[in-house]
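The residues making up each chain are set out below.
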Amino acid sequence: QRLSRPAHGTTGGGGGGGGAAGLGDWIGKAIDGAKNLVNLVTYYQMKNRAGVVGEKGVYDVLRQIRIARPADGTNALRLHLIGHSFGCRLVTAATAGPANAPPLPVDTLTLLQAAFSHYGFAQAYDGTHDGYFRRVVTDPARVRGPIIITFTAKDQAVGLAYPIASRVARQIAAAMGDANDPYGGLGRNGAQKTPGALTVTLGQVGSAYTFAARGIYNLDSNAVIGGHSDLAHPEVAYAIVSAVATA
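Residues numbered from 1 in each chain as written. Predicted model: local features only at pLDDT ≥ 70, side-chain atom pairs only at ≥ 80, totals over all residues. Heavy atoms only, no water.

**Quick look at helix α6 (residues 234-246)**
Point 1. Helix length check: α6 (13 residues) gives 18 Å between terminal C-alpha atoms against 18 Å at 1.5 Å per residue, within 8%.
Point 2. On its buried side, α6 packs onto β1 (80-84), β2 (108-112), β3 (147-151) and β5 (216-220). (Helix = DSSP H or I, 4+ residues; strand = E, 2+ residues; numbered from the N terminus. Expected span 1.5 Å × (residues − 1). Contact = heavy atoms within 4.5 Å.)

Here you go:
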């Protein structure tokens, strides 16, 4: 406290108490910065782990289920995958599967405030490269029903922390985190540079959604979802049920 309290009202870097006060402020900011950096590194590691577990673990489990219970026929089983935050990356990675692996037929894919790149499904987002999960939306054998994606500018975890962490890792995956930010997140902006993706409003219960098979829908949730984990709303549940009913 002695270091952080200005002496005689001075806050500059000169001699006396003012210099001590400036040093204390600097130390405090440095400590906070180190803590934030650790949080950002942890954020990146969690995101990466979700992709690995989805692609190499969950895919294998669901693939075995599909072999035992095919998507069609008398013993058919429907698979409706729902993820939140990093869980969205996990279920999307499971749907994509490893490169050159047999497709895993999924009936619907619901991504709630997804913590991965808004270019994840993009076509030539930089003029050359497709998004990492592009095959999820181009291969008809992967998702047979609609893909729905909630997004809101009120999600600070995806709107601010995600783009900062992605910058630290220099991943592509205006204002910080918005639709013009190359490091923006899906839960903040919806799918960007993704042909066929439609933006619709997350409606009230009873809304007449026109979800179509293999459609991609960005659900503008600004009026309903107030933060990254603020999902316990009838409107959210109704949108999921509507997508499942379409499939």
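**Some words on the side chain of Thr-108**
Point 1. The topology assignment puts Thr-108 in strand β2.
Point 2. In this structure the side chain of Thr-108 is engaged in a polar contact, spanning 2.8 Å, whose partner is the side chain of His-80. (Polar contact = N/O pair within 3.5 Å; in protein donor to acceptor, adjacent residues only side chain to side chain.)

**Thoughts on the sheet that holds β2**
Strand-to-strand pairing in sheets goes through backbone hydrogen bonds, with the strands running parallel or antiparallel.
Point 1. Taken together, the 5 strands give an open sheet; going across it, the order is β1-β2-β3-β5-β4, and neighbouring strands pair in parallel fashion. Each edge of the open sheet carries a strand with a single partner, namely β1 and β4 (197-201). Ignoring which end each strand starts from, the neighbouring axes of this sheet average 20° apart.
Point 2. Sheet topology note: the β1/β2 ladder contains 5 bridges and is parallel. Counterpart to Leu-81 in the pairing with β2 is Leu-109. (Pairing = 2+ DSSP bridges. Axes fitted to C-alpha atoms, helices over the stretch in contact; angles between N-to-C directions.)

**Some thoughts on helix α2 (residues 86-96)**
Structural remark: α-helix, 3.6 residues per turn; residues separated by three or four positions point the same way.
Point 1. Burial analysis of α2 places 9 of its 11 residues in the buried class, the great majority of the element.
Point 2. Restricting attention to buried positions, one finds in α2 the residues Phe-86, Cys-88, Arg-89, Val-91, Thr-92, Ala-93, Ala-94, Thr-95 and Ala-96.
Point 3. Looking one or two places after α2, you find Gly-97, whose phi comes out positive at around 70°. (Buried < 20%, exposed > 50% of the residue type's maximum accessible area, 1.4 Å probe, protein only.)

**With respect to empty space enclosed by the protein**
Point 1. Of the volumes computed, that of the largest cavity is approximately 40 Å³.
Point 2. As for the largest cavity, its lining consists of Val-136, Val-137, Asp-139, Val-143, Gly-145, Ile-147, Arg-214 and Ile-216.
Point 3. Partitioned by chemical class, the residues of the lining of the largest cavity number 5 nonpolar, 1 polar and 2 charged. (1 Å grid on protein atoms, 1.4 Å probe; cavity = no way out; pocket = protein on both sides within 12 Å on 5 of 7 lines; lining within 4 Å. Points joined across faces, edges and corners; volume = space filled by probe spheres on them. Nonpolar A, V, L, I, M, F, W, Y, C, P; charged D, E, K, R; others polar.)

**Observations concerning the nonpolar core**
Point 1. Ranked by size, the top nonpolar core spans 25 residues in total, and within it Leu-109, Leu-111, Phe-116, Phe-121, Val-136, Ile-149 and Leu-186 carry the most contacts.
Point 2. If you list the elements that add at least two residues to this core, you get α1 (17-68), α2, β2, α3 (134-138) and β3.
Point 3. Residues contacting Leu-109, with those up to four places away along its chain left out, are Leu-81, Val-91, Thr-92, Thr-95, Val-136, Val-143, Pro-146, Ile-147 and Ile-148.
Point 4. Ile-148, Leu-202, Leu-231 and Ala-243 belong to the second-largest nonpolar core, a separate cluster that totals 14 residues. (Core = buried A, V, L, I, M, F, W, Y, C linked by side-chain atoms within 4.5 Å.)

**Examining the pairing of β5**
Along any regular strand the residues' side chains alternate between the sheet's two faces.
Point 1. β5 sits mainly inside the fold: 4 of its 5 residues count as buried.
Point 2. As judged from the 5 bridges shared by β3 and β5, these two strands associate in the parallel manner. Looking across to β5, one finds that Ile-148 is bridged to Tyr-217.
Point 3. Sheet topology places β4 next to β5; 5 bridges connect them, and they run parallel.

**Re the confidence of the model for the protein**
Point 1. Confidence in the prediction of the protein, expressed as mean pLDDT, is 82, and 74% of residues score 70 or more.
Point 2. Note on residues 1-21: pLDDT under 50 across the span, and 16 contacts to partners over four residues away in sequence or across chains.
Point 3. Low pLDDT, under 50, characterises residues 172-178; the stretch is placed with 29 contacts to residues that sit more than four places away or in other chains. (pLDDT = per-residue confidence, 0-100.)

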